[in-house]
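Here is how the chains run, residue by residue.
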Amino acid sequence: MTAASIAAAGAAMGLTLPLSGCAATKSGRTVSVWTLALSPFFDDYISGLLREFEASHPGVRVEWVDVPYEAIDRKLMAAAAAGRGPDVINLADRTFARFVGMGALTELIPLLPAETLAEYLPGAARIGVIGGKQLALPWYLTTQAVLANGDLLRRGGLAPTEIPARWPEMLAIAGEFKRNAGKPLFTLPLGFESDVPMMLLSDGISPLKAGPGGKLVSNLTDERVVRAIDPWVTAFAAGHLPRESATGGSSHLNKLFVEGDVAIINSGPNFLKRIAKDAPAIFRGTIVRPAITGLLGRAHIAVMTLGVTSQSRQPELAAALAAHLTNPRAQLELCRRAVVLPSTASSLRDELFGMPAGDEPADGEQQLEYRVATARAACARQLADAIAFTPAMECWPDLRRNFEDAFKRVLLDGANLRAMLAEVDGQWNATLADRPADMSAVPLVSPVAGCATAVTGPVVRA
């Protein structure tokens, strides 16, 4: 369901988002929280945290509802229609801004102590800031490490120590590698679930700019944007990237790697478990390295958020619950149970995120655990400089979809890149005219020390 269809459905039902919160009960106060796809694997973990919260808030009862990932839009609308929306809502970074655009979340700065807000990593917390308001707290994070097929690397004439650190450098050697190995060096989602707009930002090039009155307008016809995207088109047309990069979405990375059809992917540490299970021969030769990044040298992070719905009848209590679920101790315990990363800086100092000691075991479950720990440590080391390169704006999913639909024509049908960007430029400006935002929504940051880049527009420190 798109943002437009959610809004239309709300209007048809006579709703005014934000969502309604739970009412007080005769026996005390009730506060509700909805999470995304955590049950049944984390039932004991979440239930324990909620019991702690109830114990520290006498007379308060917490109601927990876990929602399948794909059902969150529909369930939120149905709950709002019935006046039974949650007080606290868990949303993915790509969904969160849609509901902000409908006024569904409340500002947290007046509700939480400054020291609580200071606990979160700035690069993660910024995804929850729209229009200068902190509308969500970052919860757990995922970022990526390089997983490399050592046998295929050697066939292509590339040593593990020679894996480039930046995507432009990867593109520069992709053709020679393909000729040597007969398989692509790497792949990325370009035409579906496209990484290209966020990769522009990771190179310091903004696809958006400030227009009249400071409101965002499209920047897709900027020559720097064209020059940054053109090498991807050229590489695809030359066969240096697999066809699935235009059509397959993010899931194709793991599929091609397990099948031995690509040498390098950026993927989460948890994927090592699938490699070990489905492709043990490839797993034995898999090499783990820090993630490849854009020219800024900053890894991209995906962020799960927790926000307070703006018609919660007890926003202070709801904000306290969101802070309790995301506090450093709670996040560290979650990371012990799942291969995710915390959004609190103090949690990262735990030995859990350090490189494993000793030599890698020769095989078996201990080898798998060692490699997962190695990948997690590589990801954790990047978090201090990492940032969510997803623009914090309600209409971003729609802008990205416009880009994807048109870019697929360039990749698959040979459509002209400049003409395509001009077409999408007009579509973006039409959308932005109806749903304005400003440059605070765009993650423009300085490069990590030592990284050369072609930054455009204003730069702020992450």
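Placed above this text is the structure.
As the structure is a computational prediction, the values presented were derived from the model and not from experiment.

Draft legend 1. Region of interest: the sheet that holds strand 10 (residues 264-267). Taken in spatial order, the three strands make up an open sheet running 10-7-11, and their pairing is antiparallel. The two strands at the open ends of the sheet, each matched to only one other strand, are strand 10 and strand 11 (286-290). The mean angle between the axes of side-by-side strands here comes to 30°, regardless of whether they run parallel or antiparallel. Here strand 7 (residues 145-149) runs beside strand 11; their pairing, made up of five bridges, is antiparallel. Across the sheet, the residue bridging to A145 is P290, located in strand 11. On the sheet, helix 17 (residues 364-382) packs against strand 7 and strand 11 and is oriented at approximately 15° with respect to strand 11.

Draft legend 2. Structural view of the sheet that holds strand 3 (residues 88-92). Spatial strand order, 2-1-3-12-6: five strands in an open sheet with mixed pairing. On the outer flanks of this sheet lie strand 2 (60-67) and strand 6 (137-142), each paired with one strand and no other. Neighbour-to-neighbour, the strand axes of the sheet open up by a mean angle of 20°, direction not taken into account. Where strand 6 meets strand 12 (residues 302-308), four bridges bridge the pair, whose relative direction is antiparallel. Looking across to strand 12, one finds that T142 is bridged to A302.

Draft legend 3. Main features of the packing of aromatic side chains. Evaluated as defined, the whole model comprises seven aromatic pairs. Centre to centre, the rings of F186 and W232 are 6.0 Å apart; their planes meet at 85°, and the pair counts as edge-to-face. Taken together, the residues span a long stretch of sequence, with F186 in the loop between helix 8 (167-181) and helix 9 (196-202) and W232 in helix 10 (residues 223-237) at a distance of 46 residues. Here F186 and W232 have matching classes, each one buried. For the ring pair W396 and W428, a centre distance of 5.9 Å and an interplane angle of 70° mean the geometry is edge-to-face. Here W396, found in helix 18 (residues 396-413), pairs with W428, found in helix 19 (residues 417-434); they are 32 residues apart in sequence, far enough to count as distant.

About the criteria used
- Residues numbered from 1 in each chain as written.
- Predicted model: local features only at pLDDT ≥ 70, side-chain atom pairs only at ≥ 80, totals over all residues.
- Heavy atoms only, no water.
- Pairing = 2+ DSSP bridges.
- Helix = DSSP H or I, 4+ residues; strand = E, 2+ residues; numbered from the N terminus.
- Axes fitted to C-alpha atoms, helices over the stretch in contact; angles between N-to-C directions.
- Contact = heavy atoms within 4.5 Å.
- Phe/Tyr/Trp six-rings, centres within 6.5 Å; stacked < 30°, edge-to-face > 60°.
- Buried < 20%, exposed > 50% of the residue type's maximum accessible area, 1.4 Å probe, protein only.

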